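Observations on the three-dimensional arrangement
Below are the chains, spelled out letter by letter.
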Number of protein chains: 2
Amino acid sequence: MTPGESQFVEEMGQFLGSIGMTPMAGRMWGYLLICDPPDQTAAQIAEALHASRGAISGTARLLAGPGLIRRSTRPGDRREYFSAPAEALDSMLASAGAIYRQMREIAERGLAATAARPPEARARLQEFHDVMTFVEQEVPRLVGGFLRDRAADQQRRKEPA
Amino acid sequence: MTPGESQFVEEMGQFLGSIGMTPMAGRMWGYLLICDPPDQTAAQIAEALHASRGAISGTARLLAGPGLIRRSTRPGDRREYFSAPAEALDSMLASAGAIYRQMREIAERGLAATAARPPEARARLQEFHDVMTFVEQEVPRLVGGFLRDRAADQQRRKEPA
DNA sequence: CTGAACGTTCAGTATTGACTGAAACTTCCG
DNA sequence: CGGAAGTTTCAGTCAATACTGAACGTTCAG
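Residues numbered from 1 in each chain as written. Chains lettered and ligands numbered in written order. Predicted model: local features only at pLDDT ≥ 70, side-chain atom pairs only at ≥ 80, totals over all residues.

Moving on, we come to the sheet that holds strand 2 (residues 70-74) of chain A. Residue and element names in this part refer to chain A. Spatially, three strands are ordered 1-3-2 in an open sheet, and the strand pairing comes out antiparallel. In this open sheet, the two strands that pair with only one neighbour each are strand 1 (40-41) and strand 2. Inspection of the sheet shows strand 2 paired to strand 3 (residues 77-83) by five bridges, in the antiparallel sense. Paired with R71 across the two strands is F82, which belongs to strand 3. (Pairing = 2+ DSSP bridges. Helix = DSSP H or I, 4+ residues; strand = E, 2+ residues; numbered from the N terminus.)

If you want it as structure tokens, here you go:
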């Protein structure tokens, strides 16, 4: 990796670390976005990131869970290959959607807990809940549409009329 | 606070804590969403949350920065009042937008750092960048529209034709 | 079967950082 | 000018947790 690439990886680490994931998850995800070839073994990643194998193993589970990376194997090759495929963006934004869902659910429990209160005391929480509900429904739809359009564009570029 | 309300506050704390904010920020924000009256002094909040005044002070700065809460004063009253007004939702979603902006910026630096690479090696990062750019632009617009419609609805309810 | 390569697990470590509580600062009243 | 009420700041403490590195389990080659 060039210094610039290394800095990109590190920035991804810091950023994802700052929003609740581990720094290593950010580094690994960032590295898999720019590495060549796109499929890398755990050992390659560990060396590139100067990290222990244990950290890679744990982080791989973390990222594979929500579908941010893909694990694949090859016939006659015992090693496991990791990659950050294009579909991962769907997964990533779905995870982001899960955040909104959680907030909506918390708001619902809060509304239940304040059921005895006068409406004006619950108005703020109610609005919070309504906005979360809206976002939870509409944002995935919006982004899904964008991804579909984009995929269609690229298809069209390959097979021009 | 009833046990149910207290649990809601705690859940907000855990949740915001899990996505990069401090637990105290979540608790304070949650409490301000359901407290009565809606304006509370630092001392009242500290007592309700069983927290130190120092923690409230620091957290108040943290939340007031991105506009999640409002600080207000009253004539003849040296105390400061905090509240989580409806406008705060705008601010909150704007902050969420800031996350997408940061990711876009990081992606742009990454693209710059990999400028020498062949296009297919940069495709994943490019797509990531494009999606972030789209989300950064369109999500605030979408939510803004919802909030505007909602405000209009409530206005209409107050002044029926 | 032996040994190597690979992956996982887990105890230990080191760092981060959230919160406390006391001290300092500011503002207003008598 | 005291003094009280409110707020901020900051050093210290404590818990959480990200990562390391070694031991273990597993799969395949010779």
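Let us now look at the protein's contact with DNA strand D. Around DNA strand D sit 21 residues, and of these A:M24, A:S52, A:G54, A:A55 and B:G54 come closest. Taken together, the elements giving at least two residues each to the surface near DNA strand D come down to helix 2 (23-34) and helix 4 (53-64) of chain A together with helix 3 (42-49), helix 4 (53-64) and strand 3 (77-83) of chain B. When residues of the surface near DNA strand D are assigned to their parent elements, the largest contribution, five residues, is made by helix 4 of chain B. Its residues assigned to classes, the surface near DNA strand D shows seven nonpolar, eight polar and six charged. (Near = placed C-beta within 6 Å. Nonpolar A, V, L, I, M, F, W, Y, C, P; charged D, E, K, R; others polar.)

In the vicinity of DNA strand C there are 21 residues, among which A:G54, B:M24, B:S52, B:G54 and B:A55 approach most closely. With five residues, helix 4 of chain A is the single largest residue contributor to the surface near DNA strand C. When its residues are assigned to classes, the surface near DNA strand C shows seven nonpolar, eight polar and six charged.

Once that is clear, we can look at the interface of chain B and chain A. Facing the 39 residues of chain B at the interface are 39 residues of chain A. Elements that contribute at least two residues to the side of chain B that touches chain A include exactly helix 1 (3-18), helix 2 (23-34), helix 5 (88-113) and helix 6 (119-158) of chain B. In terms of residue count, the dominant contributor to the side of chain B that touches chain A is helix 6 of chain B (13 residues). Considered class by class, the residues forming the side of chain B that touches chain A number 23 nonpolar, eight polar and eight charged. (Contact = placed C-beta atoms within 7 Å.)

A word on the relation of the copies chain B and chain A. Structural alignment of chain B on chain A gives an RMSD of 0.1 Å, achieved by rotating through 180° and translating 0.0 Å along the axis. Seen this way, the second copy is the image of the first under a two-fold rotation axis. Both copies present the same face, since 100% of the interface residues in chain B are matched by interface residues at the equivalent positions in chain A. (Least-squares fit on C-alpha atoms with pLDDT ≥ 70 in both.)

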